[in-house]
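Inside the fold
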Amino acid sequence: MTSGKRLLASLAASALLFSLGGCSSQGQRLDRPDDTNLELWITQRVSAADLEGCAYLPGWFGASEYLDSRYAVLGGPARVPERHVTYLVSGYPDLKDDPAVTKIEITDPAIFVYGLSLESEEEAIEGTMVGEGFAKQDETTLSFGKGNVSFRFGSDKISISALTTNKTGIIY
């Protein structure tokens, strides 16, 4: 093989690997549905402007937690009210990457995702989530996954999380 052909083959292989990496990263984003009233969405890239009005909740290394702007922090050390929405922000899809929402906790029945709330019936939750392309993760709980994003509907909260990686071995 001539050096020109080797260079061309090497460039083609590099382009293929680059495009595959782009696909896997792209597949790790979950589009925001129209039928949610959350301020921020899971896997959404965030900046200081996006978090304006949200209260910072200390206590994390390598991540930051914020209380949705619709709620007020309770006195003393930052405590969240019983009914709330919190957002955990960290590097995503890898910890070295730009910040994105990697976890959402909802305890307020007035908040909905995919039109579902804490007051939704199990049948409606399962039907909606499966209809949205999520797979049921566990037969004993209302847990659903799509790509690397998981939803768990409990009696007292809805948890939404996106798995992150730590390919460079960051230690906090």
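Above this text sits the structure in question.
Here is a short report on the structure shown in this document.

**Describing the sheet that holds strand S4 (residues 99-106)**
- Strand order in the open sheet made by the 8 strands is S1-S2-S3-S4-S8-S7-S6-S5, with antiparallel pairing throughout. With one partner strand each, in any of the chains shown, strand S1 (55-57) and strand S5 (135-138) form the two edges of the open sheet. Going from strand to strand, the sheet's axes swing by 25 degrees on average, the running direction of each strand aside.
- Here S4 runs beside strand S8 (residues 158-162); their pairing, made up of 4 bridges, is antiparallel. Counterpart to Ile106 in the pairing with S8 is Ile158.
- Sitting on the sheet, helix H2 (residues 122-131) is in contact with S5, strand S6 (142-146) and strand S7 (149-153), with an inclination near 5 degrees to S6.

**As for the environment of Ile42**
- Relative to the helices and strands, Ile42 resides in the loop between helix H1 (3-26) and S1.
- Taking C-alpha positions, Ile42 is 5.8 Å from Thr102, a pair spaced 60 residues apart along the chain.
- Ignoring any residue separated from it by four or fewer positions in sequence, one finds Ile42 in contact with Leu30, Val101, Thr102, Lys103, Ile104, Val149, Ile160, Ser161 and Ala162.

**Section: the side chain of Ser117**
- Along the chain, Ser117 falls in the loop between S4 and H2.
- Apart from the residues within four sequence positions on either side, Ser117 is in contact with Pro109, Ile111, Phe112 and Ile158.

**Comments concerning the environment of Asp50**
- Within the fold, Asp50 resides in the loop between H1 and S1.
- Counting along the chain gives 11 residues from Asp50 to Glu39, while the straight-line C-alpha distance between them is 8.8 Å.
- Residues contacting Asp50, with those up to four places away along its chain left out, are Leu40, Gln44 and Arg45.
- A polar side-chain atom of Asp50 sits 2.8 Å from the main-chain amide nitrogen of Ser47.

**Some remarks on the pattern of salt bridges**
- Applying the stated criterion across every chain yields a total of 4 salt bridges.
- Here Asp97 and Lys96 are joined by a salt bridge, their closest N and O atoms 3.2 Å apart.
- In this structure, Lys136 and Glu126 form a salt bridge, with 3.3 Å as the shortest nitrogen-oxygen distance. Here Lys136, found in strand S5, pairs with Glu126, found in helix H2; they are 10 residues apart in sequence, far enough to count as distant.
- Residue classification places Glu126 among the partly exposed positions, given a relative accessible area of 33%.

**Quick word on the packing of aromatic side chains**
- Overall, the coordinates contain 8 aromatic pairs when judged by the stated rule.
- One aromatic cluster is present, formed by Trp41, Tyr114, Phe134, Phe144, Phe151 and Phe153 through successive ring pairs.

**Describing the nonpolar core**
- In terms of nonpolar packing, the biggest core is built from 36 residues, with Leu38, Phe151, Phe153 and Ile160 touching the most fellow members.
- Secondary-structure elements contributing two or more residues to this core are strand S2 (64-67), strand S3 (85-91), S4, H2, S6, S7 and S8.
- It is S4 that contributes the most residues to this core, 4 residues altogether.
- Residues within four places of Ile160 in sequence aside, it is in contact with Leu38, Ile42, Thr102, Lys103, Ile104, Ile106, Val113, Val149, Ser150 and Phe151.

Reading guide: rules and limits
Residues numbered from 1 in each chain as written. Predicted model: local features only at pLDDT ≥ 70, side-chain atom pairs only at ≥ 80, totals over all residues. Heavy atoms only, no water. Pairing = 2+ DSSP bridges. Helix = DSSP H or I, 4+ residues; strand = E, 2+ residues; numbered from the N terminus. Axes fitted to C-alpha atoms, helices over the stretch in contact; angles between N-to-C directions. Contact = heavy atoms within 4.5 Å. Polar contact = N/O pair within 3.5 Å; in protein donor to acceptor, adjacent residues only side chain to side chain. Salt bridge = Lys/Arg side-chain N within 4 Å of Asp/Glu carboxyl O. Buried < 20%, exposed > 50% of the residue type's maximum accessible area, 1.4 Å probe, protein only. Phe/Tyr/Trp six-rings, centres within 6.5 Å; stacked < 30°, edge-to-face > 60°. Core = buried A, V, L, I, M, F, W, Y, C linked by side-chain atoms within 4.5 Å.

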